[in-house]
Amino acid sequence: MKKTNKNIVGILTICLISTLLTSCNLMGLDLQQNYEYHASPTKLTLDMTAYQFIESRKNIDMSFLYEAINRIQYKDSFETNDRTYIILDDIAFSNYLTYQRYAGLKNMPNSEIVKLLKKYIIKGKYHSLSLTTIPTQVETLDPNVKLLLSLEPISIDSQNKYQVLVKTLGSTGNATRIVTSNLQPTNGIIHVTDYPL
């Protein structure tokens with residue numbers, strides 16, 4: 001008798017589980033009627049300046065950059081029109097501090113912060129659509145630093161078939177890859193990197 005009760009309970013449990021897993025209307029879930037994918041492209045146009053974008057992400061992934069800009073009162077440079085901004089996220093900025101052997105941003109002299117920020121602000125607007133696989137030399141706010149911007153074909157299946165690369169002119173190191181490209185604030189173009197030059 002006990003064995004029969006266990007069998008009945010087991011069968012009822014299996015029936016209940018299969019009903020739960022196969023019922024689309026249970027818990028308010030409706031059966032999908034259409035399998036067509038309707039793409040909605042990422043919004044790249046920002047209704048804010050480059051500085052306001054950095055400020056909006058200060059608690060997410062741009063706290064070091066935000067703190068550096070405000071410490072040296074460099075906000076105006078991130079609100080100037082017709083600029084391309086290579087933005088260092090917190091990972092890139094942290095790596096830069098480590099490579100330069102600073103214990104933290106508070107230990108970095110203001111003159112070095114100015115030099116760093118000038119290196120990553122490019123005169124003119126450089127969207128990936130204006131770049132090719134042949135490096136384009138661009139002028140930064142630091143007259144001693146010239147950068148090269150180019151595209152690299154990528155093999156993964158994605159909407160963008162090219163990735164933006166940044167390299168210091170004359171350096172023998174690898175180019176830095178842009179992780180987010182073509183953001184368009186009201187005053188230029190933003191490319192975000194997670195690795196410093």
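Above this note sits the structure.
Procedures and definitions
All residue numbers refer to position in the chain's written sequence, counted from 1. Since the coordinates come from a predicted model, pLDDT governs what is reported: local features require at least 70, and pairs of side-chain atoms require 80 or more to be given and counted, while whole-chain, interface and lining totals use all residues. Side-chain figures throughout are based on the complete set of non-hydrogen atoms in the structure, without hydrogens or water. Note on geometry: axes are lines fitted to C-alpha atoms, helical ones only across the stretch in contact, with angles between N-to-C directions running from 0 to 180 degrees. Strands here mean DSSP runs of E at least two residues long; helices mean DSSP runs of H or I at least four residues long; both are numbered from the N terminus. It is the rotation of the near helix from the far one that decides the hand of a crossing: anticlockwise by less than a right angle makes it left-handed, clockwise makes it right-handed. Should any heavy atoms of two residues lie within 4.5 Å, those residues are considered in contact. Whether two strands pair depends on DSSP finding at least two bridges between them. Only Phe, Tyr and Trp rings take part, Trp by its six-membered ring, and two of them pair if their centres are within 6.5 Å. Stacked means planes under 30 degrees apart, edge-to-face means over 60, and tilted covers everything else. Here's how the labels work: a residue is buried when its accessible area is under 20% of the maximum for its type, exposed when over 50%, partly exposed in between, all with a 1.4 Å probe on protein chains only. A 3.5 Å cut-off defines polar contacts: any pair of N or O atoms within that distance qualifies, except that in protein one atom must be a possible hydrogen donor and the other a possible acceptor, and neighbouring residues in sequence count only when both atoms are side-chain atoms.

Asks: In this structure, what is going on with the packing of helix α3 (residues 63–71) against helix α5 (residues 110–119)? I would like to understand it.
Replies: Packed helices, taken two at a time, are described by the angle their axes make and the gap between the axes. Running from N to C, α3 and α5 point in directions that differ by 115°, and their axes come no closer than 10 Å. Here α3 runs over α5; the crossing is left-handed. Counting all contacts with α3, which are made through Leu-65, Ala-68, Ile-69 and Arg-71, the residues of α5 involved are Asn-110, Ile-113 and Leu-117.

Asks: In this structure, what is going on with the sheet that holds strand β1 (residues 83–88)? I would like to understand it.
Replies: Within a sheet, neighbouring strands are paired by backbone hydrogen bonds and run either parallel or antiparallel to one another. One open sheet holds the seven strands; their spatial order is β2-β1-β7-β6-β5-β4-β3, and the pairing between them is mixed. A single partner strand is all that each edge strand has here, and the edge strands are β2 (121–123) and β3 (136–139). Recorded for the sheet is a direction-independent mean angle of 30° between the axes of neighbouring strands. Here four bridges tie β3 to strand β4 (residues 146–153), and the two strands are oriented antiparallel to one another. The residue of β4 that forms the bridge with Val-138 is Leu-147. Packing of α5 onto the sheet brings it into contact with β1, β2, β4 and β5 (162–168), and relative to β2 it is tilted by some 50°.

Asks: Would you take a moment to explain the packing of aromatic side chains for this structure?
Replies: Given two aromatic rings, their pairing is described by the distance between the two centres and the angle made by the two planes. Counting across every chain of the model gives five aromatic pairs. Judged by centre distance (5.3 Å) and plane angle (20°), the ring pair of Phe-78 and Tyr-85 falls under stacked. Judged by its relative accessible area of 0%, Tyr-85 is buried. A connected cluster of aromatic rings, assembled from ring pairs, spans Tyr-74, Phe-78 and Tyr-85.

Asks: Any chance you could explain the environment of Asp-194 here in plain terms?
Replies: If you trace the backbone, Asp-194 turns up in the segment after β7 (188–193). Remark: the alpha-carbon pair of Asp-194 and Ile-87, spanning 107 residues in sequence, is separated by 8.6 Å. Residues contacting Asp-194, with those up to four places away along its chain left out, are Asp-89, Ile-91, Ala-92, Asn-95 and Val-179.

Asks: Just to check I follow, could you spell out the environment of Ser-56 for this structure?
Replies: With respect to the helices, strands and loops of the structure, Ser-56 is situated in helix α2 (residues 50–56). Note on Ser-56: relative accessible area 42%, which makes it partly exposed. For the pair Ser-56 and Tyr-66, spaced 10 residues apart in the sequence, the C-alpha separation amounts to 9.5 Å. Looking at Ser-56, its side chain comes within polar contact range of the main-chain oxygen of Phe-53, at 2.6 Å.

Asks: In this structure, what is going on with the side chain of Thr-84? I would like to understand it.
Replies: Considering the arrangement of structural elements, one finds Thr-84 in strand β1. At a separation of 2.7 Å, a polar atom in the side chain of Thr-84 contacts the main-chain carbonyl oxygen of Gly-124. Within the local environment of Thr-84, its side chain forms a polar contact with the backbone nitrogen of Tyr-126, the two atoms lying 2.8 Å apart. What Thr-84 contacts, discounting residues up to four positions off in sequence, is Tyr-120, Ile-121, Ile-122, Gly-124, Lys-125, Tyr-126, Ile-189 and His-191.

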